[in-house]
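Listed below are the residues making up each chain.
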Amino acid sequence: MDKIPILRMGRFLLVTIQVDLYDRLALTLEADLIQAVQKHNARGVLIDISAVSIVDSFMGRIIGNIASMSKILDAETVVVGMQPAVAITLIELGLPLKGVHTALDMEKGMDLLRSMMDTTDNDEDEDAIADDFITE
Amino acid sequence: MILSLSKDTVTVAQEQDVVFLKNRVKEVAVRIKMGLVNQTRLITAASELVRNMMRYANGGKCLIEVVSSGRNNGVRLTFSDSGPGIPDITAAMRDGFSTGKSLGLGLPGTKRLVNEFDIKSKVGEGTIVTIIKWANG
Amino acid sequence: MSLNTNQLLKKQKKTILELWMKNQLADEGLREDLISNDELRSQSEELIEALVGNLSSQNVNDLNSDEWSPVIEILGGIAITRARQGFSPRETGNFVFSLKEALLEVLKREITDPQELFKEVLKISRILDNLTVVTFETFIKGREEVILRQTDEIAEISTPVIRVWDGILALPIIGTLDSARTQIVMENLLQEIVDTGSSIAILDISGVPAVDSLVAQHLIKTVSATRLMGAECIISGIRPEIAQTVVHLGIDLSNIITKSTLASALAYAFRVMRLEVKKAAATTNTIR
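Residues numbered from 1 in each chain as written. Chains lettered and ligands numbered in written order. Predicted model: local features only at pLDDT ≥ 70, side-chain atom pairs only at ≥ 80, totals over all residues. Heavy atoms only, no water.

**Notes on the overall build of chain C**
Helix and strand counts for chain C come out as ten helices and five strands. Its C-alpha atoms give chain C a radius of gyration of 32 Å, clearly above 19 Å, the size a compact globule of 288 residues would have. Taking the principal axes of the C-alpha coordinates as reference, chain C spans close to 100 × 55 × 35 Å. Within the span of chain C, comprising 288 residues, buried residues form 42% of the whole. For chain C, contacts bridging at least 24 residues in sequence account for 73% of all contacts bridging at least 6. Surface exposure of chain C reaches about 15,800 Å², of which carbon and sulfur atoms provide 54%. (Helix = DSSP H or I, 4+ residues; strand = E, 2+ residues; numbered from the N terminus. Rg over C-alpha atoms; globule rule 2.2 N^0.38 Å. Buried < 20%, exposed > 50% of the residue type's maximum accessible area, 1.4 Å probe, protein only. Contact = heavy atoms within 4.5 Å. Areas by Shrake-Rupley, 256 points an atom, 1.4 Å probe, with all protein chains shown as cover.)

Rendered as structure tokens:
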């Protein structure tokens, strides 16, 4: 079965969704991601959806769930790269994705996460940034 | 008056069919030169309705038509299932109403995405939802 | 239409054309500025040719029959061109009415039996009336096309997205904001945000005459969509009257950043982006 890879970058988790999610894949992602947040004690989750052309209410709910669940585990979620057509559709559908932070691209999303970290804590010492691939 | 220019039926029984259906709808929308945002609205609406069909009726059929009202071309989708039906359509069309475990945005949200929306349901017989999205509307 | 009349009209084609041309040229409303007499003549000739050629005894009552389609096509073509050229409906109508006069004149000359004449006149009238209706329909369609094209043009030119600073876009909206325009405004704005990577967009509504709850809804929608993309949207140019109506209508704009002028919106954007605009120190050597 397909799986969406979750990358770790320091204390952030990076997910790039390259395919149109079908329901089971989305549910697997939700579960995997929350596991990874806990396992790596992540402080931020970046989800890149720039390649996603359709987000319906189910997908929107999954994104909202990921944000709320991560929040409970003390990690902020930033969704980056949403297509204009997707944004318009989500608003008309009635899903403004409250509680989810958004940014234009990966870089700005990363900046946003860092600035949120700055305001919440200055004492924690970050290790050198290391990319690594998590396989479960 | 709305004329039907082409017809195609897709049967939806499992998750793979959903992807196939969305692709078919997209092809048709592209063929009549529907703009990207309207395409997205249409496919999202189709996605909502097909999900309802899977969840409440274990699948059904979708008729994909290219329709014309003279100057404007559009796509008409007719989703029909033989599921349990909806007892109270007025309630189902309200934001936030859901009998399943969802946000309850499905039907009213879908209605906002398309130009025409019609729902007929009989308890014990099934539900038919018809939507039309015009290429520029 | 009796066979006789058909043949009669076919034979009298020339006469009909001459009569018709005479009628048209005698009309005070003749628009020599829009169409030359030669052109008018060739249009008229083509139409008579098609009309007389397709006349048969069966098709008098049924304008949908295939035999009529060449006539309708020619007439439609003429009506559409006239609509685009700026002919008035009366002038276009007279084109067909004067043909009717000519046809009736010929019938009057050729048929002596009053009863027969009445029957044939009735039929010709019916056909020509139908054709007039078709002409008007097509004429109006032609006009509508002109209007639609202009609407599209207005929509296109009336929503310019301006890059006021690196990372800051401004979109001045002038005129009424209806749902069709909101679509265009929103799509243009969001696309431009992606293209330029701008994180702040200013929607200036100084040029919007009134804000009702529907317009407010459109604005809120645009702001929400912008936020979903990861950018912030500020609404500026809110006049006092608009602020009053918004509150009186009970519209909640508290989730939206609003500024009274574009300048203050820009100042806010600078602050968010941690940019500072300073007056240069007025030293003598900078001024020459």
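**Structural notes on the pattern of salt bridges**
What the rule picks out here adds up to 21 salt bridges over all chains. With a closest N to O distance of 3.7 Å, A:Asp74 and A:Arg43 form a salt bridge. Here A:Asp74 is found in the loop between helix 2 (57-72) and strand 4 (76-80), whereas its partner A:Arg43 is found in the loop between helix 1 (23-40) and strand 3 (44-48), with 31 residues between them in sequence. Beyond isolated ion pairs, a larger network of salt bridges with shared partners links A:Glu92, B:Arg41 and C:Lys221. (Salt bridge = Lys/Arg side-chain N within 4 Å of Asp/Glu carboxyl O.)

**What about the sheet that holds strand 3 (residues 73-81) of chain B?**
Residue and element names in this part refer to chain B. Pairing within the open sheet is antiparallel, and its five strands lie in the order 1-2-3-5-4. Sheet topology places strand 1 (3-12) and strand 4 (116-122) at the edges, where each strand pairs with a single neighbour. Neighbour-to-neighbour, the strand axes of the sheet open up by a mean angle of 15 degrees, direction not taken into account. On top of the sheet, helix 2 (residues 36-57) reaches strand 1, strand 2 (60-68), strand 3 and strand 5 (126-134); it is set at about 5 degrees to strand 3, its chief contact. (Pairing = 2+ DSSP bridges. Axes fitted to C-alpha atoms, helices over the stretch in contact; angles between N-to-C directions.)

**Some thoughts on the interface of chain B and chain A**
Across the contact, 19 residues belong to chain B and 18 residues belong to chain A. Taking both sides of the interface into account, the surface hidden between chain B and chain A amounts to around 1,700 Å²; carbon and sulfur atoms contribute 55%. The tally of links between chain B and chain A comes to three salt bridges. In this structure, the salt-bridge partner of B:Arg41 is A:Glu92, at a minimum N-O distance of 2.5 Å. At the junction of chain B with chain A, the criterion picks out seven residue pairs in polar contact (both at pLDDT 80 or more). Breaking the side of chain B that touches chain A down by element, the ones donating at least two residues are helix 2 and helix 4 (106-113) of chain B. At ten residues, the largest contribution of residues to the side of chain B that touches chain A is made by helix 2 of chain B. Classifying every residue of the side of chain B that touches chain A by side-chain character gives six nonpolar, six polar and seven charged. (Buried area = accessible area lost by both parts, 1.4 Å probe. Polar contact = N/O pair within 3.5 Å; in protein donor to acceptor, adjacent residues only side chain to side chain. Nonpolar A, V, L, I, M, F, W, Y, C, P; charged D, E, K, R; others polar.)

**Digging into the nonpolar core**
In summary, soluble globular proteins display a tendency toward joint burial of nonpolar side chains. Counting residues in hydrophobic clusters, the biggest one holds 101 residues, and the most contacted among them are B:Leu77, B:Phe79 and B:Ile131. The element that contributes the greatest number of residues to this core is helix 2 of chain B, accounting for eight residues. Residues within four places of B:Ile131 in sequence aside, it is in contact with B:Leu42, B:Ala45, B:Leu49, B:Val75, B:Arg76, B:Leu77, B:Phe79, B:Val114, B:Glu116 and B:Phe117. Counting residues in each nonpolar core, the second largest holds 34 residues, with C:Leu51, C:Val71, C:Ile78 and C:Val106 among its members. (Core = buried A, V, L, I, M, F, W, Y, C linked by side-chain atoms within 4.5 Å.)

**Focus: the UniProt feature "domain: STAS" (unreviewed entry) in chain C**
Residues annotated by UniProt as "domain: STAS" (unreviewed entry) correspond here to residues 158-269 of chain C. Helix makes up 46% of residues 158-269 of chain C and strand 23%, and the two end C-alpha atoms of the span are 24 Å apart. (UniProt positions renumbered as here; feature names shortened; annotations may be inferred.)

**Looking at the sheet that holds strand 5 (residues 257-258) of chain C**
Residues and elements named next belong to chain C. Across the sheet, which stays open at both edges, the five strands sit in the order 1-2-3-4-5 with mixed pairing between neighbours. Each edge of the sheet is formed by a strand with only one pairing partner; in this case those strands are strand 1 (162-165) and strand 5. Bridge count for strand 2 (residues 168-174) against strand 3 (residues 200-207) is six bridges, and the pairing is parallel. Across the sheet, Ala170 pairs through a bridge with Ile202, a residue of strand 3.

**Let's talk about the side chain of B:Lys22**
By the secondary structure assignment, B:Lys22 is in helix 1 (residues 15-31). Although B:Lys22 is buried, it makes no salt bridge; A:Asp56 carries the closest opposite charge, 4.8 Å away. Once you skip the residues sitting within four places of it in the chain, B:Lys22 turns out to touch B:Ile43 and B:Ser47. (Lys, Arg positive; Asp, Glu negative; His and termini not counted.)

**Re the packing of aromatic side chains**
All names here are of chain C. Summed over all chains, the structure comprises two aromatic pairs over all chains. Note on Trp20 and Phe95: the rings are 5.0 Å apart at their centroids and 45 degrees apart in plane angle, and the pair reads as tilted. Taken as a pair, Trp20 in helix 2 (residues 13-26) and Phe95 in helix 5 (residues 89-110) lie far apart in primary sequence, 75 residues in all. There is no split in this pair, since Trp20 and Phe95 are both buried. Measuring from ring centre to ring centre gives 4.9 Å for Trp165 and Phe270, while their planes differ by 75 degrees; the resulting arrangement is edge-to-face. You can see Trp165 sitting in strand 1 and its partner Phe270 sitting in helix 10 (residues 262-272), a full 105 residues away along the chain. We note Arg82 situated over the ring of Phe87; from NZ or CZ to the ring centre the distance is 4.5 Å. The ring of Phe95 carries Arg82 above its face, with NZ or CZ at 4.4 Å from the centroid. (Phe/Tyr/Trp six-rings, centres within 6.5 Å; stacked < 30°, edge-to-face > 60°. Lys NZ or Arg CZ within 6 Å of the ring centre and 35° of its normal.)

**Examining the domain arrangement of chain C**
Each assigned domain of chain C is listed with its residue range as follows: domain 1 (3-152) and domain 2 (162-272). Between the C-alpha centres of domain 1 of chain C and domain 2 of chain C there is a distance of 54 Å. (Domains from an automatic or database assignment.)

**Regarding unusual backbone geometry**
With phi around 55 degrees, B:Asn58 is a residue other than glycine that occupies positive phi space. Along the chain, B:Asn58 falls in the loop between helix 2 and strand 2. Backbone geometry places C:Arg274, a non-glycine residue, at a positive phi of 55 degrees. Structurally, C:Arg274 can be placed in the segment after helix 10.

**A closer look at the packing of helix 2 of chain C against helix 5 of chain C**
Residue and element names in this part refer to chain C. At a minimum axis separation of 8 Å, helix 2 and helix 5 run at an interaxial angle of 135 degrees. One finds that helix 2 runs oblique with respect to helix 5. In this structure, helix 2 meets helix 5 at a crossing whose hand is right-handed. Residues Thr15, Ile16, Leu19, Trp20, Asn23 and Gln24 of helix 2 touch helix 5, and the partners they reach there are Phe95, Ser98, Leu99, Glu101, Ala102, Leu103, Glu105, Val106 and Arg109. (Parallel < 35°, antiparallel > 145°, perpendicular 65-115°, else oblique. Left-handed = near helix turned anticlockwise from the far one by under 90°.)

**Points about the packing of helix 7 (residues 179-196) of chain C against helix 8 (residues 213-229) of chain C**
All names here are of chain C. At a closest axis distance of 10 Å, the pairing of helix 7 and helix 8 adopts a crossing angle of 20 degrees. Relative to helix 8, the element helix 7 is oriented roughly parallel. Read as a crossing pair, helix 7 and helix 8 show a hand that is right-handed. Touching Ser179, Thr182, Gln183, Met186, Leu189, Leu190, Ile193 and Val194 of helix 7 are His218, Lys221, Thr222, Ala225, Thr226 and Met229, all from helix 8.

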